[in-house]
Amino acid sequence: MTNPMPAPEVEHSDPLDDTREKDESMPREASSIELKGLRKQFGKDTVALDGVDLTIDAGEFFTLLGPSGCGKTTLLRILAGLEEPDAGKLLIGGKDVTDIPPHRRSVNTVFQSYALFPHLSVRDNLAFGLRMRGESSAERERKVAQVADFIQLGSLVERRVDQLSGGQRQRIALARALVCEPNVLLLDEPLSALDAGLRGQLQVELQRIQKRLGMTFVFVTHDQDEAMVMSDRIAVLDSGIIQQVGTPSEVYEHPVNAFVARFMGHDNLFAIQRSADNWVDTELGRLQLDPAQQRSEQQGWLLIRPETLELGGEVPAGYNRLEGTVKERLYRGSRIEYRLEVNGVTLMAVASNVGQRLHAVGDRVTVSFCPEDLVRVAA
Amino acid sequence: MRKRTLQRGLTTFWWATIFFLYLPLVVVMLFSFNASNSAANFTGFSLRWYTRLLGNEQIISAFWNSLVLASVSSVVALAIGSLIGYGMYRHRHRKLGWLIVLIYLPIVLPDIVFGISEMAFFVSIHRYTGLFQPGLGTMIIAHVTFQIPFVALIVYSRLVGLDATLFEAAKDLYATPFKRAVHFLMPTLKPALISAFFLSFTLSIDDFVISFFTAGPESATLPIYIWGAIKKGVSPEINAIATLMIGAVAIAAVFSLMFNRQGRH
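Please read these numbers as outputs of a predicted model, since none were measured by experiment.

Observations concerning the overall build of chain A
Check the secondary structure of chain A and you find eight helices and 21 strands. Across its three principal directions, the C-alpha atoms of chain A cover 75 × 50 × 35 Å. Looking at chain A residue by residue over its 379 residues, the buried ones come to 41%. A separation threshold of at least 6 residues defines the contact pool for chain A, and within that pool the share at least 24 residues apart is 66%.

Pasting the structure below:
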């Protein structure tokens, strides 16, 4: 097997600096994943996965996103082989692995609890997979040194696991999986136990590592911001069903239904009462739509993204225009969030903090927005 | 003010407990070094009772019986008990609560009931089959029976205290079932197993009641010998045996605690 990690000799700059070119010394054995009609039920009436069809491309950073109990962790566990599906097929790299036990799959997992072996040193933890696979001790030593260097924790290899901080454990858990050069790497909410600052830093780091290694990453999270920052594509799950698969911008800007919209953090959803090609009636009143992005659903919801709203100022021709009152103002530093009341309905608006006059609570404001920014969402 | 009185009361209680717990042991140990055979006056330091022990064939034989009984029963109990403990862990989500109670039962059952039942059992089997002649063999079986629950519980509680995803991590990292046992389960359980062994050993050395009912004429252990000898009065020789036993059990107990703690980092 070729070496997945850059050789130490070429490691003269920040190994996590992705301005360098993708390392060609690594195996391009990243595998695609195909799920066909996967079903999984726990007990009599808990359906964890209800017929999942999904294709994940080789070398993709793919995120399974959803609330707890949506089936995302079950799906990941089926990929790892730790759970058997009741029905359906799982193909990794084109091969049917549905019945292959976990220890014979070229898939490794970074567990939420890290699952580092407490009876082993960091070095022996890192070497565990290689050792179980029967690689020689010289080979193990070389690869462990390389991966420890790669994640910049070479100084920790002699430590005991209980002497590591949370962030260090997280990286060791990642390294323990990476060193095995799997075709697919699975990550089960690996950052959820870390504090916000470290989490942000590791999000960037993970994404860089994935891009440099070109490995297929399947990442599970319930945090939509994390999913958007890191992923090439996202699958949003709810009640064991994939609601939508798309790039972060597709899922955020064009959610297919109200669940996805709410889960992506959208508050401004208004039931459509009546509609035509170029307008809809909602509680806010009649709003102009862009006829070009007409969708088949006549009923459903209208999504107004708070950052597309313009408060005060001139209303350009063709824009929608509403009058509202500021009910609440949240100062967030880089942006200001307003809770407005328009025709007795709450409308959220976000303005960048770029020096314009802040609106005070109680102010009457004109709200304007472009018809093209309105999105119809299925119920 | 009242708080201080309470604290003083508790301190007194603590020292009283320690006093009644350990003073008798200290007395026994002290008088085992007594020069005269008086149980009331300490007349001077001497090792004569210890040297006399070595010349007493009955004591030497009882010592060997105790040692063989404790070692063999502990090893057997360790093997069976740890398998039961692992089984309890693996099937902990099943509704088998009553089965667990069955395993706990020997712990709470009075020794005398346990001893008499074992005796009746062995005697009746012996009558019909000729097997289970009372002796070291029956004693080992009886001891294994009461040691198993302790071993099973120590192993079970160690396993329950582990992060369950460690088992999955081992699978995920290419370990076959056999390699998981060798490279993950055994090293992880090692402190618990050592601790369970020493606890079993201590329980066996300590036991009188169950040994008494299951022993044969040739298989007297130290406690049985002491019980027989004491009918003729407490001799300083008994004090010497007791002192040696206190030492042995204390060492085993310390080992047991030490390894159990080591496993709980």
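What to know about the packing of helix α3 (residues 57-90) of chain B against helix α6 (residues 136-160) of chain B
Residue and element names in this part refer to chain B. With their axes 5 Å apart at the nearest point, α3 and α6 run at an angle of 40° to one another. With respect to α6, the element α3 is oriented oblique. Regarding α3 and α6, the two cross each other, and that crossing is right-handed. Grouping the constituent residues of the contact of α3 with α6 by class yields 23 nonpolar, eight polar and no charged.

Description of the domain arrangement of chain A
Considered domain by domain, chain A is made up of domain 1 (8-253) and domain 2 (266-377). Placing the centre of domain 1 of chain A and that of domain 2 of chain A at their C-alpha centroids yields a distance of 39 Å.

Topic: the interface of chain A and chain B
Every contact between the two is made by 18 residues of chain A and, on the other side, 17 residues of chain B. Counting residues per element, the ones that place at least two in the side of chain A that touches chain B are β6 (107-110) and α2 (122-132) of chain A. With three residues, α2(A) is the single largest residue contributor to the side of chain A that touches chain B. Residue classes in the side of chain A that touches chain B are distributed as ten nonpolar, six polar and two charged.

What about the sheet that holds strand β7 (residues 184-188) of chain A?
Residues and elements named next belong to chain A. If you trace the six strands from one edge of the open sheet to the other, you get β6-β7-β8-β3-β9-β10, paired in mixed fashion. Since the sheet does not close on itself, it has two edges, and those belong to β6 and β10 (241-246), each with one partner. The average angle at which neighbouring strand axes cross in this sheet is 20°, direction not considered. Pairing analysis gives four bridges linking β6 to β7, with the strands arranged parallel. The residue bridging N108 from the neighbouring strand is L185, located in β7.

A few points about helix α5 (residues 111-129) of chain B
Residues and elements named next belong to chain B. Spanning 19 residues, α5 covers 26 Å between terminal C-alpha atoms, matching the ideal 27 Å at 1.5 Å per step. Looking at α5, one finds that the buried residues are G115, E118 and F122. The arc enclosing the buried residues of α5, seen along the axis, measures out at 65°, which places them on a common side. Exposed residues pointing more than 90 degrees away from the buried face of α5 are listed as I112, V113, A120, S124, R127 and Y128. On the buried face of α5, the contacting elements are α6 and α9 (209-214). One or two residues past the end of α5 sits G130, with phi positive at roughly 80°.

Observations concerning the nonpolar core
Of all hydrophobic cores here, the largest spans 150 residues; its most connected members are A:L79 and A:V218. By residue number, the principal contributor to this core is α6(B), which donates 14 residues. There are two domains that each give this core at least three residues, and those are domain 1 (8-253) and domain 2 (266-377) of chain A. If we ignore the near neighbours within four places in the chain, the residues touching A:V218 are A:I56, A:F62, A:L64, A:L76, A:L79, A:V184 and A:L186.

Observations concerning the packing of α2(A) against helix α3 (residues 137-150) of chain A
Residue and element names in this part refer to chain A. Running from N to C, α2 and α3 cross one another at 125°; their axes reach a closest spacing of 10 Å. Judged by the inter-axis angle, α2 sits oblique to α3. Crossing handedness for the pair α2 and α3: right-handed. Here R123, L126, A127, L130 and R131 of α2 lie close against α3, whose contacting residues are R140, K143, V144, V147 and A148. Considering only residue class, the contact of α2 with α3 consists of six nonpolar, no polar and four charged.

Remarks on helix α10 (residues 222-230) of chain B
Listing the buried residues of α10(B) in full gives B:L222, B:P223 and B:Y225. Buried residues of α10(B), viewed axially, fall in a sector of 160°; they line one side.

Some thoughts on the sheet that holds strand β18 (residues 335-342) of chain A
All names here are of chain A. One open sheet accounts for five strands, arranged β16-β20-β17-β18-β19; its pairing is antiparallel. A strand with exactly one partner marks an edge of an open sheet, and here the two such strands are β16 (310-311) and β19 (345-352). Judged from the six bridges that link them, strand β17 (residues 320-331) and β18 form a sheet pairing that is antiparallel. Bridge pairing links Y331 to I336 in β18.

Some remarks on the UniProt feature "domain: ABC transporter" (unreviewed entry) in chain A
According to UniProt, the "domain: ABC transporter" (unreviewed entry) feature falls on residues 33-264 of chain A. Secondary structure content for residues 33-264 of chain A is 36% helix and 26% strand, and the end C-alpha separation is 25 Å.

Calculation notes
Residues numbered from 1 in each chain as written. Chains lettered and ligands numbered in written order. Predicted model: local features only at pLDDT ≥ 70, side-chain atom pairs only at ≥ 80, totals over all residues. Helix = DSSP H or I, 4+ residues; strand = E, 2+ residues; numbered from the N terminus. Buried ≥ 20, exposed ≤ 12 C-beta atoms within 10 Å, placed from the backbone. Contact = placed C-beta atoms within 7 Å. Axes fitted to C-alpha atoms, helices over the stretch in contact; angles between N-to-C directions. Parallel < 35°, antiparallel > 145°, perpendicular 65-115°, else oblique. Left-handed = near helix turned anticlockwise from the far one by under 90°. Nonpolar A, V, L, I, M, F, W, Y, C, P; charged D, E, K, R; others polar. Domains from an automatic or database assignment. Pairing = 2+ DSSP bridges. Expected span 1.5 Å × (residues − 1). Arc of directions from axis to C-beta. Core = buried A, V, L, I, M, F, W, Y, C linked by C-beta atoms within 7 Å. UniProt positions renumbered as here; feature names shortened; annotations may be inferred.

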